[in-house]
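So you can see what is in the structure, the chains are spelled out below.
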Amino acid sequence: MIVPALYQGYEGIAFGGYVAGRLAEALDAKTVRVDFRGPVPVETELVRAGLPDGGVELRGGDGRVLAVAAPAPGLDDAAPPAPPAPPAPPTLAEAARAAEELRGVWRHDEGHDCFGCGMGRTSRTGLRTHCGRVPGRADVVACDWTPDPVHADPDGTLPPHIVWGALDCPGNWAGRLLGSQRAGAMTASLTASSPRPVRAGAPHITYAWVREESGRKHRYGMAVADAHGELCAVGEALWVDPRD
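S.K.: Can you lay out the environment of E45 for me, pointing to particular residues and giving the numbers?
M.R.: Position of E45 relative to the elements: it lies in the loop between β1 (31-36) and β2 (47-50). Each C-alpha atom of the pair E45 and R59 lies 9.2 Å from the other, and the pair is 14 residues apart in sequence. Contacts of E45, omitting those with residues within four sequence positions, involve M1, I2 and G61.

Shown next as C-alpha cells:
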C-alpha cells in the first residue's frame, strides 16, 4: 500500500481520514475504529496485514506499526454505554453560509495543503470541508459539501476512504473554533460508520461538535448528512495537541 502525495494532511504526512478509510475497507464491519501509532508517510511502501483478532494493521518499511484498525461497537447502538446522539444538523443554507464566512477569514491559510481542508485545493484535488461557525448556534461547526464525481466509484457512490476523509477535518475545525485545540494537533483515533451511501454530485452537510476536552486530548463527534438532514455517516475522533 502506498499513499499518493495527493492524499496528504500535513506536509509529507498522509491524511488520517484517507488512511483510516483504506484500513476500514479491509474489514467486514459496520463500524470500525482506527488508532494511529505514528505519522504515516506519503509515497512510501507500506504493509497492510491482517491480525488474528480480525483487525488490520499498517506497518512502515522498517516494520514499525503505524496504525491499527478493528471492528468497534456501533455508534448508534442502544445498549449502554451508548454515545450521545448527534445534534441536529444545520440546514444546507446555514452550512453554506458558515463555510463561506470561514473561507473569507482563513483565506491566508492557502499554503496549508491538506486533502481534506486545504484552502488551495479544488473540488477535484481535495474535499474542501471548511466547517465554520453556524449563525445562531454555539454547538456545531458546519459546511456544505458536494463531492466531485472524480472521487466516486463507478456507481456514483463514494468509497470509504473518501467518506472517512470527509469526517476527519470537521473535528479539527470544531476544536479550533469551539474548543481549546491548538494548531498542529494530530488525529490519534477515528471511529466511523456509514449507514447510507454518500453520492457524488449531491449536496451534503458536513458538521462536527466538541464532546470532551482534557489537557492535550480533544474528543469530537462528526457527521455527514444529506440535504434533507438524513445521516449518511457518523464518527468520533480523538485529536492530540503537540507537546510544548
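S.K.: Just give me the short version of the sheet that holds β1, but keep the residues and values in it.
M.R.: The sheet built from ten strands is open, its strands ordered β2-β3-β4-β1-β7-β10-β9-β8-β6-β5 with antiparallel pairing. The sheet is open, and its two edges are formed by β2 and β5 (132-133), each paired on a single side. One ladder, built from five bridges, connects β1 with strand β7 (residues 186-193); its direction is antiparallel. Each bridged residue has a counterpart across the sheet, and for D35 the counterpart in β7 is S189. Sitting on the sheet, helix α1 (residues 16-24) touches β1, β2, β3 (56-59), β4 (65-71) and β7, and the angle it makes with β1 is about 130°. Packed on one face of the sheet, helix α2 (residues 92-105) meets β5, β6 (141-145) and β8 (204-214) and runs near 100° to β6.

S.K.: Which residues make up the packing of α1 against helix α3 (residues 160-177), and what values do they have?
M.R.: Relative placement of two packed helices is described by the angle separating their axes and the distance separating the axes. Between α1 and α3, the shortest axis-to-axis distance is 7 Å and the interhelical angle comes to 140°. Looking at the two axes, α1 sits oblique to α3. α1 and α3 meet at a crossing whose hand is right-handed. Contacts between α1 and α3 involve G16, G17, Y18, A20, G21, R22 and A24 on the former and, on the latter, P160, H161, W164, G165 and D168. Its residues placed into classes, the contact of α1 with α3 shows five nonpolar, five polar and two charged.

S.K.: So what about unusual backbone geometry? Which residues, and what values?
M.R.: Of note, the phi angle at E43 is positive, near 55°, even though the residue is not glycine. Mapped onto the elements of the fold, E43 is located in the loop between β1 and β2. Looking at E43, the relative accessible area reads 52%, which means it is exposed. Of note, R128 is a non-glycine position whose phi angle comes to about 55°, a positive value.

S.K.: Explain the environment of A185 to me, and be specific about the residues and the numbers.
M.R.: Tracing the backbone shows A185 in the loop between α3 and β7. Distance from A185 to V240, taken between C-alpha atoms, is 5.3 Å for residues 55 residues apart in sequence.

Rules used throughout
Residues numbered from 1 in each chain as written. Predicted model: local features only at pLDDT ≥ 70, side-chain atom pairs only at ≥ 80, totals over all residues. Heavy atoms only, no water. Helix = DSSP H or I, 4+ residues; strand = E, 2+ residues; numbered from the N terminus. Contact = heavy atoms within 4.5 Å. Pairing = 2+ DSSP bridges. Axes fitted to C-alpha atoms, helices over the stretch in contact; angles between N-to-C directions. Parallel < 35°, antiparallel > 145°, perpendicular 65-115°, else oblique. Left-handed = near helix turned anticlockwise from the far one by under 90°. Nonpolar A, V, L, I, M, F, W, Y, C, P; charged D, E, K, R; others polar. Buried < 20%, exposed > 50% of the residue type's maximum accessible area, 1.4 Å probe, protein only.

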